[in-house]
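Structural overview for review
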Amino acid sequence: MSPAKVTLSPKELELVLNRDWILTKNDIIGKVYALFGDLSEKYRERLSQHPRLLTDDPGFRSPKIARGEQYRGLPWVMLDHPRFFSGKDHFAIRSLFWWGNEGSITLQLGGCFQQQYAPVLQQYFSNSAHTENNRGPWWLGTGTDPWEHH
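Parameters at a glance
- Residues numbered from 1 in each chain as written.
- Predicted model: local features only at pLDDT ≥ 70, side-chain atom pairs only at ≥ 80, totals over all residues.
- Heavy atoms only, no water.
- Helix = DSSP H or I, 4+ residues; strand = E, 2+ residues; numbered from the N terminus.
- Polar contact = N/O pair within 3.5 Å; in protein donor to acceptor, adjacent residues only side chain to side chain.
- Contact = heavy atoms within 4.5 Å.
- Patch = residues over 30% accessible without salt bridge, like charges linked within 9 Å, V, L, I, M, F, W, Y side chains within 5 Å.
- Areas by Shrake-Rupley, 256 points an atom, 1.4 Å probe, with all protein chains shown as cover.
- Salt bridge = Lys/Arg side-chain N within 4 Å of Asp/Glu carboxyl O.
- Buried < 20%, exposed > 50% of the residue type's maximum accessible area, 1.4 Å probe, protein only.
- Pairing = 2+ DSSP bridges.
- Axes fitted to C-alpha atoms, helices over the stretch in contact; angles between N-to-C directions.

1. Regarding the side chain of serine 40
- Its place among the elements puts serine 40 in helix H2 (residues 20–48).
- One polar contact links serine 40 to histidine 81, side chain to side chain, over a distance of 2.9 Å.
- Those residues in contact with serine 40 that sit more than four places away from it in its chain are Pro63, Leu79 and His81.

2. Details of a nonpolar patch on the surface
- Where nonpolar side chains cluster on the molecular surface, the patch consists of Val6, Leu8, Leu13, Val16 and Leu17 and spans about 530 Å² of accessible area.
- Looking at the element boundaries, leucine 17 is found in helix H1 (residues 10–17).
- Using a relative accessible area of 68% as the deciding quantity, one classes leucine 17 as exposed.

3. Notes on the sheet that holds strand E1 (residues 64–71)
- The strand order E1-E2-E3-E4 describes an open sheet built from four strands, whose pairing is antiparallel. Every interior strand has two partners, whereas the edge strands, E1 and strand E4 (104–110), have only one. Within this sheet the neighbouring strands show an average axis-to-axis angle of 25 degrees, counted without direction.
- Sheet topology note: the strand E3 (residues 89–98)/E4 ladder contains seven bridges and is antiparallel. Paired with leucine 96 across the strands is serine 104, a residue of E4.
- Sheet strands in contact with H2 are E1, strand E2 (74–86), E3 and E4, and its direction is about 20 degrees off that of E2.

4. Observations regarding the pattern of salt bridges
- Here the structure, examined in full by the defined rule, presents four salt bridges.
- Here arginine 44 makes a salt bridge to glutamate 41, at a shortest N to O gap of 3.6 Å. In this pair, arginine 44 and glutamate 41 are both assigned in helix H2, three residues apart and thus about one turn of the helix distant.
- By relative accessible area, arginine 44 is classed as partly exposed at 41%.
- On the accessibility criterion, glutamate 41 (40% relative accessible area) is partly exposed.
- The partner of arginine 94 in a salt bridge is aspartate 80, and the shortest N-O contact between them spans 2.7 Å. Residue arginine 94 is located in strand E3, and its partner aspartate 80 is located in strand E2; the two are separated by 14 residues in the primary sequence.
- Under the relative-accessibility criterion, arginine 94 is labelled buried at 0%.
- By sharing partners, the salt bridges in this structure join Lys25, Arg67 and Glu69 into a single network.

Quick look at the structure:
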């Protein structure tokens, strides 16, 4: 087996020798975690004001903040609160910080939840899509993969 012949470009070598940029990135990710922790508390407060939205079902788990480095090659942080994933049935409000892109908040519905809430959402969009109070821009995704956010 021959040894790998890897060379770094001048720009790559500059980044390797400069630790400040990666430390700054780590600081930013930490701040996003803190922001999502605060957002999760706000969600918890709002949900407590609407008891009919709460459920004793053990499938509705506590909030989850996760992170990764390779969503389409870029770092990301995500908050799911509330969240329920079981087979084809899923319900989540997903807040996503995706490095180099806009942040997003997604209502993810599948299975029984999609059937339950589709009429209400259709009515909302038909009543508000062309009014001065429109809270857009809205992007409606109807894909089959709940992990696609671009």
